[in-house]
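An overview of the molecular structure
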Amino acid sequence: MNPQLHAVRLGLSRGWIEFRQSITTRADQIWMALINGIFLLVLFLQRDATIPGTNISLALATLPGLLGMNVILAGWMNTAMMLAVEREDGTLLRAKSTPNGMIAYLVARVVFAALNIVLGLVIFLAAGLIFLDAVASIGVGGWLILIAIIALGLLATLPWGAIVGSLVKSSASGFGFSFLPISAMIAISGIFYPISGLPDWLHPVAQVFPVYWLGLGMRSAMLPDSAALAEIGQSWRHLETFGMLGLWAVVGLAVAPRVLRRMAQRESGSVVEERRQRAMNAGF
């Protein structure tokens, strides 16, 4: 068998095993139940409310934002944090020392992130079908757009999460350098609402980042066409959405392998041991 193809198969298997371990670990189960429970409670409380001046359900308007945030967190933040942790504990060094180990490692990261996104998608859409009749009436075109945006959103965010995880010096800083930028982008990019209500000077800033386009793409798939009147240009701007997400994906996929390669070249047993000692000393 081709060695690289074998590495891909190993990566697929590893990604599935890690995901299965994640959803069966008590601590992860509590975390997922808590976070998803809060979001589901929000949808439940909003189910009978409507956006002022319209007959569009407030919960239906919130649901695309939850799906988009799920992509952002799984693709960007979780990847950055996991890569930083696995640099620190020597997992990455072991992958580097194995023939085609980095290929298997990167495939596993993609599979793990994709499965987490699918899990969130299933949870939120199931809740939407229970609480909101409008979700069941989304047409074939809407579902196709939703799937395309989710797939492209993963490609537009995961490489950048890998870049951040490669550049930080510790798992602690990995959280800070992933959570803070994501929080800032969510705050200004209107993933839960059209940014037309924000100051005009923020509009071009928000449209630079993929978070805005993820939110817009999700809303275009799930909300009625009349909701586009609240968006910039009073349009869903599908061409611009796919173009910007595609641009972030292409640039990220071009830059990430080089950054990862340089980071892997610097990894050694002594470097990992130095990090371990630093982490142990910081605990005292």
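Conventions used here
Residues numbered from 1 in each chain as written. Predicted model: local features only at pLDDT ≥ 70, side-chain atom pairs only at ≥ 80, totals over all residues. Heavy atoms only, no water. pLDDT = per-residue confidence, 0-100. Helix = DSSP H or I, 4+ residues; strand = E, 2+ residues; numbered from the N terminus. Axes fitted to C-alpha atoms, helices over the stretch in contact; angles between N-to-C directions. Parallel < 35°, antiparallel > 145°, perpendicular 65-115°, else oblique. Left-handed = near helix turned anticlockwise from the far one by under 90°. Nonpolar A, V, L, I, M, F, W, Y, C, P; charged D, E, K, R; others polar. Phe/Tyr/Trp six-rings, centres within 6.5 Å; stacked < 30°, edge-to-face > 60°. Buried < 20%, exposed > 50% of the residue type's maximum accessible area, 1.4 Å probe, protein only. Contact = heavy atoms within 4.5 Å. Salt bridge = Lys/Arg side-chain N within 4 Å of Asp/Glu carboxyl O.

**Here we look at the confidence of the model for the chain**
Should the pLDDT be low somewhere, the predicted coordinates at that spot are not to be read in detail. Averaged over all residues, the pLDDT of the chain equals 83, while 91% of them reach at least 70. Model confidence for the chain, summarised as mean pLDDT per element, is weakest for helix α12 (residues 269-282) at 60 and strongest for helix α10 (residues 210-222) at 91.

**Here we look at the packing of helix α7 (residues 140-167) against helix α11 (residues 238-266)**
Between α7 and α11, the shortest axis-to-axis distance is 7 Å and the interhelical angle comes to 30°. Between α7 and α11, the interaxial angle falls into the category roughly parallel. When you trace α7 past α11, the crossing you get is left-handed. The class makeup of the residues in the contact of α7 with α11 is 22 nonpolar, five polar and one charged.

**Some words on the packing of aromatic side chains**
Under the defined criterion, the tally for this structure stands at seven aromatic pairs. Here the aromatic rings of Phe 44 and Phe 131 are separated by 5.5 Å at their centres, their planes lie at 65°, and the arrangement is edge-to-face. Linking Phe 44 in helix α2 (residues 26-46) with Phe 131 in helix α5 (residues 101-131), this pair joins segments that are 87 residues apart in sequence. For Phe 44, a relative accessible area of 36% gives the class partly exposed.

**Here we look at the side chain of Arg 109**
Within the fold, Arg 109 resides in helix α5. Apart from the residues within four sequence positions on either side, Arg 109 is in contact with Arg 14, Glu 18, Met 82, Glu 86 and Leu 158.

**Let's talk about the pattern of salt bridges**
Pairs can form between side chains of opposite charge once their charged atoms are near each other. One pass over the structure, following the stated rule, counts six salt bridges. As a salt-bridge pair, Arg 14 and Glu 18 come within 2.8 Å of each other at their nearest N and O atoms. Taken together, the residues span about one helical turn, with Arg 14 and Glu 18 both in helix α1 (residues 3-24) at a distance of four residues. Here Arg 14 falls in the partly exposed class, since its relative accessible area comes to 25%.

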